[in-house]
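The residues making up each chain are set out below.
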Amino acid sequence: MLASCVKVILHMTQKKYQGLARRSTNEVLQLYSAHSQQQKLQRSSVVIQLYGAIKRLKCDLKSLHSFALELSKDFQRQSKTYLYQVLTAVQGIQLQNEAAQMFQIKAFDLEQSLQELTERYEKEKQKRRALHNSLVELRGNIRVHCRIRPLLPFDTAAGHLVSQDRQRRFSEEVAYAADDETVLVKCSRPGHASVNKTFQFERVYSASESQDAVFADVAPLLTSLLDGYNVCIMAYGQTGSGKTYTMLGPQSEENLVFAIEDESELGIIPRATQEVFRLISEKPPGSYWVEVSVVEVYNNEIFDLLAKDSCGKVFGVKRDVVTTREGKSDVPLLTQETVENASEFLHLVNKGLQLRVRHPTLVHAHSSRSHLVVTLTIATVVSGDSFGSSWEDEQTSQRLHKEVSCTFPQKMKESKSTSSSRASSPAQLEATEKMKQIKTRLQLVDLAGSECVGMSGVTGAALRETSFINRSLSALADVLGAIAEQRSHIPYRNSKLTHLLQDSVGGDAKLLVMLCISPDQKYLTESMQSLGFGTRARQVQRGQVKKKNFPVLSKAK
């Protein structure tokens, strides 16, 4: 029974497992079928997606092909357009090159024409200037040159009695050289429109022009000395405007004499001396002697700066000026030193400069307090037997006899005494006695500067000096005014300065006034005063300057 039970149980178990096996097989088949269907669906989906992608790719490829065709057509169109533009540009460049060549040709022609016009203008300008100088010679007018100095450090120095704001506002250029004959001044007042004023002179020097340029226009006057004319060159202007620099050159701080190391910086006085001795060197030796005197007019007194004491030391001696019977001014006992070259002359002038009175002011640390007059006298030795016979007229002969001096330089005296002592016949003595001299003078004047007391800040003795300086300059203006108006009385004796310069100012010399002005705004009043003085001086007609004609040998000789 147990065995049958076991069989039943095993049979039932077998059937159970068979049922499970069949169920599992069915499930496996179902799963396999489902998996197959899923794979089919997936493959179908992939195929569909792939088909869609291929379809889209075909569309894109078709679009790309269309775009490529359009791009090719557009490229061809643009290529044609750009090619046309390039060809047009090349043609334009060719035309521009041709036009540029034509322009260069025209520009070259214009440059040549401009150069020719400039040369013609310069020639006409020189002719006009020569004619003007001839007119000045005939009328006896005073030549006036104007020099504008550059702005200098002391123009903005804190020592002036103005605030820093005013200094900045004032330290600007208002005076310019518009051209080489015109000064332009910008005049402005608070609350008023700026007004430009112009002044015309024979020559105007800008702030950048050198000492060489200044002397180049002065040098032609010096040849007149050996032609028988007196010459006077005078520097006029406010204090600190560059008069002493123009006349002498830069001065050393220690002894206040002018330095001669840098020849390009030398002023008119040393250059004029060198030029005079150069001209003399071209003449026969022994026919000319040169004497020099140096005086200053200080506080309306004349001081001889070359006078020596018993020990030979140079010191200033007071002299006086008188009027001779011939109506000429003269300084009796004035020291006249004979010099043989420019070095000796400059040595003497430097000695005199060490005695010149100076005083510091707020405007200029080395302000000259006196008028300096350096006189170069050239004595020309001529034979007395040639007088009278070949003069142009009798009046000239008589005037020449009056002007001839019988006082010889030391060398001439020695030569005369030697020849007299050795003379072996009356004919030789007579020939020696007939030797005469004709003297011409070159006066070089460095005037003290006019001052505004409020600007210079001077007190005490310096204030008294300023008063004398301004009064003497006013006297000079009065003299020129009287000459211009042709008054019967010319007030030369109102000042020692005008009395000393009577011959030069009055028409016995070719006179050149060198105006010196500052371009700074704060000196505008003084600059306008100087420019006004120069304008009035130009209008003075003194009559033709007298020439001391040298005798010439007659045809019989």
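Refer to the preceding data block for the structure.
On a predicted model such as this, the values are computed, not experimentally measured, just so you know.

So, how was this worked out
- Residues numbered from 1 in each chain as written.
- Predicted model: local features only at pLDDT ≥ 70, side-chain atom pairs only at ≥ 80, totals over all residues.
- Heavy atoms only, no water.
- Helix = DSSP H or I, 4+ residues; strand = E, 2+ residues; numbered from the N terminus.
- Buried < 20%, exposed > 50% of the residue type's maximum accessible area, 1.4 Å probe, protein only.
- Contact = heavy atoms within 4.5 Å.
- Areas by Shrake-Rupley, 256 points an atom, 1.4 Å probe, with all protein chains shown as cover.
- Core = buried A, V, L, I, M, F, W, Y, C linked by side-chain atoms within 4.5 Å.
- Pairing = 2+ DSSP bridges.
- Patch = residues over 30% accessible without salt bridge, like charges linked within 9 Å, V, L, I, M, F, W, Y side chains within 5 Å.
- Salt bridge = Lys/Arg side-chain N within 4 Å of Asp/Glu carboxyl O.
- Axes fitted to C-alpha atoms, helices over the stretch in contact; angles between N-to-C directions.
- Parallel < 35°, antiparallel > 145°, perpendicular 65-115°, else oblique.
- Left-handed = near helix turned anticlockwise from the far one by under 90°.
- Expected span 1.5 Å × (residues − 1).
- Bend = angle between axes of the 7 residues up to and from the residue.
- Phe/Tyr/Trp six-rings, centres within 6.5 Å; stacked < 30°, edge-to-face > 60°.
- Lys NZ or Arg CZ within 6 Å of the ring centre and 35° of its normal.

Student: Tell me what's going on with the overall build of the protein chain, and back it up with residues and numbers.
Tutor: When helices and strands are counted, the protein chain shows 14 helices and 17 strands. A buried classification covers 40% of the 557 residues belonging to the protein chain. Relative to all contacts within the protein chain whose residues are 6 or more apart in sequence, the contacts with residues 24 or more apart total 71%. As presented, the protein chain carries roughly 32,000 Å² of accessible surface, and 56% of it is formed by carbon and sulfur atoms.

Student: If you had to explain unusual backbone geometry to someone new, which residues and values would you point to?
Tutor: Of note in the backbone geometry, Asn-300 takes a positive phi value of approximately 60° without being a glycine. Summarising the element assignment, Asn-300 is placed in the loop between strand 7 (288-298) and strand 8 (301-304).

Student: So what's going on with the nonpolar core? Residues and values would help.
Tutor: If you look at the biggest cluster of nonpolar residues, it comprises 47 residues, and the most contacted ones within it are Val-183, Phe-201, Met-234, Leu-515 and Leu-531. Of all the secondary-structure elements, those providing two or more residues to this core are strand 1 (143-148), strand 3 (182-187), strand 6 (231-237), strand 7, helix 11 (461-484), helix 12 (496-500), strand 17 (510-517) and helix 14 (524-538). With seven residues, the top contributor of residues to this core is helix 11. With 45 residues, the next largest nonpolar core counts Val-218, Leu-226, Val-231 and Val-349 among its residues.

Student: Any chance you could break down the pairing of strand 17 for me, citing the residues and the numbers?
Tutor: In terms of burial, strand 17 is largely enclosed, as eight of its eight residues are buried. Going residue by residue along strand 17, you find Lys-510, Leu-512, Met-514 and Cys-516 tucked away on one face and Leu-511, Val-513, Leu-515 and Ile-517 tucked away on the opposite face as well. Sheet analysis places strand 6 next to strand 17, joined by seven bridges and oriented parallel. Paired with Cys-232 across the two strands is Leu-511, which belongs to strand 17.

Student: Which residues make up a nonpolar patch on the surface, and what values do they have?
Tutor: On the surface, Leu-61, Leu-64, Phe-67 and Leu-71 cluster together into a nonpolar patch covering about 440 Å² of accessible area. As for its position among the elements, Phe-67 is in helix 1 (residues 2-139).

Student: Any chance you could break down the packing of helix 5 (residues 268-281) against helix 6 (residues 342-353) for me, citing the residues and the numbers?
Tutor: At a closest axis distance of 9 Å, the pairing of helix 5 and helix 6 adopts a crossing angle of 150°. In terms of axis orientation, helix 5 runs roughly antiparallel to helix 6. Considering the relative orientation of helix 5 and helix 6, their crossing is right-handed. Each of Ile-269, Pro-270, Thr-273, Gln-274 and Phe-277 in helix 5 lies in contact with helix 6, whose residues at this interface are Ala-342, Phe-345 and Leu-346.

Student: Run through the sheet that holds strand 3, naming residues and quoting values.
Tutor: Overall, antiparallel pairing links the three strands, which are arranged 2-3-4 in an open sheet. Edge strands, defined here as strands with exactly one partner in the open sheet, are strand 2 (175-179) and strand 4 (195-200). Ignoring strand direction, the axes of neighbouring strands in this sheet form an average angle of 30°. The pairing of strand 3 with strand 4 spans six bridges and is antiparallel. By the bridge assignment for strand 4, Cys-187 is matched with Val-195.

Student: Which residues make up helix 3 (residues 211-226), and what values do they have?
Tutor: Its 16 residues place the ends of helix 3 24 Å apart at the C-alpha level, agreeing with the 22 Å of an ideal helix rising 1.5 Å per residue. Along helix 3, the sharpest change in direction is near 35° and occurs at Asp-217; proline Pro-220 comes one to four residues later. Here helix 3 has its buried residues at Gln-211, Val-214, Phe-215, Val-218, Ala-219, Leu-221, Leu-222, Ser-224, Leu-225 and Leu-226.

Student: Break down the packing of aromatic side chains for me, citing the residues and quoting the values.
Tutor: If you walk through the whole model with that rule in mind, you get two aromatic pairs. Here the aromatic rings of Tyr-236 and Phe-533 are separated by 3.9 Å at their centres, their planes lie at 10°, and the arrangement is stacked. Here Tyr-236, found in strand 6, pairs with Phe-533, found in helix 14; they are 297 residues apart in sequence, far enough to count as distant. Given a relative accessible area of 2%, Phe-533 falls into the buried group. Measuring from centroid to centroid gives 6.5 Å for Tyr-298 and Phe-303, while their planes differ by 55°, and the two rings are tilted. The residue whose ring lies beneath Arg-471 is Phe-468, and the NZ or CZ to ring-centre distance is 4.6 Å. Here the basic side chain of Lys-510 rests over the ring of Tyr-229, its NZ or CZ set 4.2 Å away from the ring centre.

Student: I'd like a description of the environment of Val-185, backed by residues and values.
Tutor: Within the secondary structure, Val-185 is located in strand 3. Along the backbone, Val-185 and Leu-531 are 346 residues apart, and their C-alpha atoms lie at a distance of 9.9 Å.

Student: Could you give an account of the pattern of salt bridges, naming the residues involved and the relevant values?
Tutor: Counted by the stated rule, this structure contains 14 salt bridges. Arg-538 is paired through a salt bridge with Glu-202; the nearest N and O atoms lie 3.2 Å apart. On the criterion of sequence distance, the pair formed by Arg-538 in helix 14 and Glu-202 in the loop between strand 4 and strand 5 (203-205) is long-range, its members being 336 residues apart. A relative accessible area of 9% means that Glu-202 is categorised as buried. A salt bridge links Lys-522 to Asp-520, with the shortest nitrogen-to-oxygen separation between them at 3.0 Å. Across the pair, Asp-520 and Lys-522 agree in class, each one buried.

Student: How would you summarise the pairing of strand 7 if you had to cite specific residues and measurements?
Tutor: Where burial is concerned, most of strand 7 is hidden: eleven out of the eleven residues are buried. Because side chains alternate across strand 7, one face comprises the buried residues Tyr-288, Val-290, Val-292, Val-294, Glu-296 and Tyr-298, and the other comprises Trp-289, Glu-291, Ser-293, Val-295 and Val-297, equally buried. As judged from the three bridges shared by strand 7 and strand 12 (residues 337-339), these two strands associate in the antiparallel manner. The residue of strand 12 that forms the bridge with Val-292 is Glu-337. Counting the residues that bridge the hairpin from strand 7 to strand 8 gives two residues, and of these Asn-299 lies at a positive phi of roughly 50°.

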